[in-house]
Amino acid sequence: MLSKLGLDMQPQSELEAELKQLRKRFRGQSQTSLGRSGLSTVFTTFPGKIPQFIPTGYTVTSEGVHFGDELVTATPIMVLAEIQPPDSSSFRCLRLLIQTREKSLCLDLDKVDAVDHRKVKGLLGKGVQVFPENVQLLTNYFTQILQDFGNQLPRIRRSNQTGFVEHEDSVTQGTEQMGFLYGREFISTAKERPSCQMDSAELSFSDTNATDLQKSFQTEGTLEGWLSLIRDISGDPVVRFMTVASFATPLLRILDQPAFLFSLACESGTGKTAALQIAASAWGNPAGKSSLIRSFQTTENALLSRAVAQRDLPMFIDETTFVRKAGKDLLERLVYSLANGTARDRLRNGRLQAVQTIETIAFTTGETPLLDLVEHQGALRRVLECTCQPFGDRSQETGVRVLQLQRMAKSNYGHAGRKFIRFLIENQDSWSQWKILWDELYAKELHQLPGRHSLEDQLAKHLATISVANQLLPRCFPELRSALKDVVPSMRAEIYSSLNRVDKFEAVFESLKMKAVNLASSAAQSGAESTWHYDRKKKQLWVNPNEFQEFTDKKFRLDASSVLQAFKQRGYLHQEPKETQKPGGRLVVRKRSGDVITCWHVISIGSKDHAAATQKIAD
């Protein structure tokens, strides 16, 4: 019934408390008009001190709405704001505050461009006492508010995504300049609106807890406290890089660059979570119940829906270890979707939904390198990975320092991101110049390539995007000019080396495949004393551990255990180790009573098309 009437009822606990105080104040004074000063205390949950919008001839008292001496409705009704839809095809709404006998409510009166008797009569079902003979007067009440205060009403921007938005102006019918939906705040470019009428934002989508997402972008402490935190990490290149990279997120659409993912992988107890919290503190709450940092202990749909909704703002996910325990396939799909900027296809009401794009930079942590956990190499081109300890070697002194930095991050957050977004909006005329700057930085980055991997130029594009953010930040925060100097050069070697390390694992596997081909084409198969054996029927390569250690060390300068771990994650390792008297023979289950039992690494060579999985890089 509610949807048919175009109404959306939303209880407001904060407003109820304020109205309760007003009822006490005006108890026994039923004909006393609630003036502007009295009403202003009711709207503390909305942006600024919202004055009452009451057209000429009407008054609102504790008894209801009056037109002259005539009581139009026995329910006090006040207009709080105008709700702007995410696109021009949707209808505007009026956010109403009403006080029934039982409670106070917020109602959304839909299609305010054409307020008619039917919509006004629909308020009857929501506790509004409308006299039939005065329906026209109540209709005129809303119509006159639009005519008299249309340009003064605070606007609530409703959207299913955060980030940059455009709206058609309700008065001029023209396209409004670019603004940014940031949690509960809408940062607009409209300078002619009074400060007391600042726009707010309202997220509305079914796949994610919109209230939780909005709370994640709250503020605490001061900007000065956060600046002090960043100055304290000026000697920690990994944490500096993560923080600056987070500011590249709103630049993705400005520079027309794709989303990517940053992975911090190192041992437990080295400060991975603390580094993530420091980077997240620029944008919102880094810890607690409404933390901006998400966990991999959730469903795939919930995580991807959050990534889609969190457009133009960074996303932080802690501990890939949880996903690895739940299942490697889930991790592969998540990483592939986050890195390639598209959510998986979904059905709703039997219909295939449009592909949702992911326009964010995701930051993840874990004990195992992310590139080692993912078999599908299509996401390789959009994953930056670091395996360095973020705060140096572990020690008691380091632990105390990390705890202090965490306390600073938890006490001062959410201010820097807002200031940077305002900086971007205020400098829209420079966006085209920033694209030229990106071209120049990308060209310089190409000259820094180690030349060891075919996808280094793809990672160079992401580093160029981060470099643009690195150059813009000192203009927005002059106090950090020294603390954020040369952020990308300090991490360049580590980023490229991670890519080269992954490439070496694949090179080892390709070399083993060639070894299997040579064994298969040999006229005589190796005997039991040989250190290599290829089972053509099962397509399995058997290799003696000592021989395998020598093979990986001499040819690739890799430790055999790290190679085996990478093979295990990719599904190449069939069984390790396997004790048997003869390669390919049955497993010997007996005590060692003088018999010679040999251990073998058994590697799957052709059980599935590994070549296609490892060589094909998704565009």
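One structure accompanies this document, and this report is about it.

Scoring rules and cut-offs
Here the residue index of a chain counts from 1 through its sequence in written order. Where local features are concerned, this predicted model is filtered to residues with pLDDT of at least 70; where side-chain atom pairs are given and counted, the filter is 80 or more; whole-chain, interface and lining totals use all residues. Computation of side-chain values covers all heavy atoms of the structure but excludes hydrogens and water. By definition, any uninterrupted DSSP run of H or I lasting at least four residues is a helix, any uninterrupted run of E lasting at least two residues is a strand, and each is numbered from the N terminus. In this scheme, a helix's expected span is set at 1.5 Å multiplied by one less than its residue total. Relative accessible area decides the class of each residue, using a 1.4 Å probe on protein chains only: under 20% of the type maximum gives buried, over 50% gives exposed, and in between gives partly exposed. When we speak of the arc, we mean the arc of directions from the helix axis to the C-beta atoms. Whenever a nitrogen or oxygen atom comes within 3.5 Å of another N or O atom, the pair is scored as a polar contact, on the condition that within protein one atom can donate a hydrogen and the other can accept it, and that pairs from neighbouring residues in sequence are kept only if both atoms are in side chains. Each nonpolar core is a collection of buried residues, namely Ala, Val, Leu, Ile, Met, Phe, Trp, Tyr and Cys, held together in the definition by side-chain atoms within 4.5 Å. By definition, residues are in contact when any of their heavy atoms lie within 4.5 Å. A pair of strands is labelled paired if DSSP reports no fewer than 2 bridges between them. What counts as an axis is a line fitted to C-alpha atoms, over the stretch in contact for a helix, and the angles between N-to-C directions run from 0 to 180 degrees. For the purposes of this analysis, a disulfide is any pair of cysteine sulfur atoms at a distance within 2.5 Å. Think of a salt bridge as a Lys or Arg side-chain nitrogen and an Asp or Glu carboxyl oxygen that are within 4 Å of each other.

Overview of helix α20 (residues 545–556)
And then number 1: Helix length check: α20, at 12 residues, gives a terminal C-alpha distance of 16 Å against a target of 16 Å (1.5 Å per residue), a fit within 8%.
And then number 2: Every buried residue of α20 is listed here: F548, F551, T552 and F556. End-on view of α20: buried residues confined to an arc of 90°, all on one side of the axis. Among the exposed residues of α20, those pointing more than 90 degrees away from its buried face are N546 and K554.
And then number 3: At the N-terminal end of α20, a side-chain oxygen is found 2.9 Å from the backbone nitrogen of N546, two or three residues along, and the residue is N544.
And then number 4: Directly after α20, the chain includes R557, whose backbone phi takes a positive value near 55°.

Quick notes on unusual backbone geometry
And then number 1: Even without being a glycine, D312 presents a positive backbone phi close to 65°.
And then number 2: Relative accessible area serves as the criterion here: at 0%, D312 is assigned to the buried category.
And then number 3: At K539, a residue that is not glycine, the phi angle is positive and equals roughly 55°.
And then number 4: By the secondary structure assignment, K539 is in the loop between β20 (532–535) and β21 (540–543).
And then number 5: Taking relative accessible area as the criterion, K539 reaches 39% and is therefore assigned partly exposed.

Side note on the nonpolar core
And then number 1: W226, F241, F247, W283 and I466 are the most contacted members of the largest nonpolar core, which has 83 residues in total.
And then number 2: If we ignore the near neighbours within four places in the chain, the residues touching F241 are F262, L384, L463, I466, V487, V488, M491 and I495.
And then number 3: One finds C93, L105, L107 and L153 within the second-largest nonpolar core, a separate group that totals 34 residues.

Things to note about the side chain of H462
And then number 1: Looking at the secondary structure, you find H462 in helix α18 (residues 456–476).
And then number 2: When its relative accessible area of 4% is taken as the criterion, H462 is described as buried.
And then number 3: Apart from the residues within four sequence positions on either side, H462 is in contact with P258, A259, F260, R381, R382 and L384.

What to know about the pairing of strand β6 (residues 93–99)
And then number 1: With respect to burial, β6 is a largely interior element, 7 of its 7 residues being buried.
And then number 2: Where strand β5 (residues 77–84) and β6 come together, 6 bridges link them in antiparallel fashion. Along β6, the bridge assignment pairs E82 with L94.
And then number 3: As defined by bridge partners, β6 adjoins strand β7 (residues 104–110) across 7 bridges and the pair is classed as antiparallel. By the bridge assignment for β7, I98 is matched with L105.

Side note on the sheet that holds strand β13 (residues 260–265)
And then number 1: Strand order across the open sheet formed by 5 strands is β14-β15-β18-β13-β19, with parallel pairing between neighbours. Of all the strands in the sheet, just β14 (293–295) and β19 (383–386) have a single pairing partner and so form its edges. Neighbouring strand axes in the sheet, compared pairwise and without regard to direction, differ in orientation by 25° on average.
And then number 2: Contacts from α18 reach β13 and β19, with the element oriented near 80° to β19.

Some details on the state of the cysteines
By definition, a disulfide links the sulfur atoms of two cysteines through a covalent bond.
And then number 1: Under the counting rule described, the total for this entry stands at 0 disulfides.
And then number 2: Distance from the sulfur of C386, which forms no disulfide, to the nearest cysteine sulfur (C388) is 4.2 Å.

Concerning the pattern of salt bridges
And then number 1: All chains considered together, the criterion is met by 9 salt bridges.
And then number 2: We note a salt bridge from R394 to E267, for which the minimum N-O separation is 2.8 Å. Placement of R394 in the loop between β19 and α15 (396–411) and of E267 in the loop between β13 and α10 (272–280) is noted, with a sequence separation of 127 residues between them.
And then number 3: The exposure class of E267 is partly exposed, given its relative accessible area of 48%.
And then number 4: If you follow the salt bridges from partner to partner, you end up with E185, R418 and R422 in one network.

Bear in mind that shape data such as this cannot, by itself, settle questions of function.
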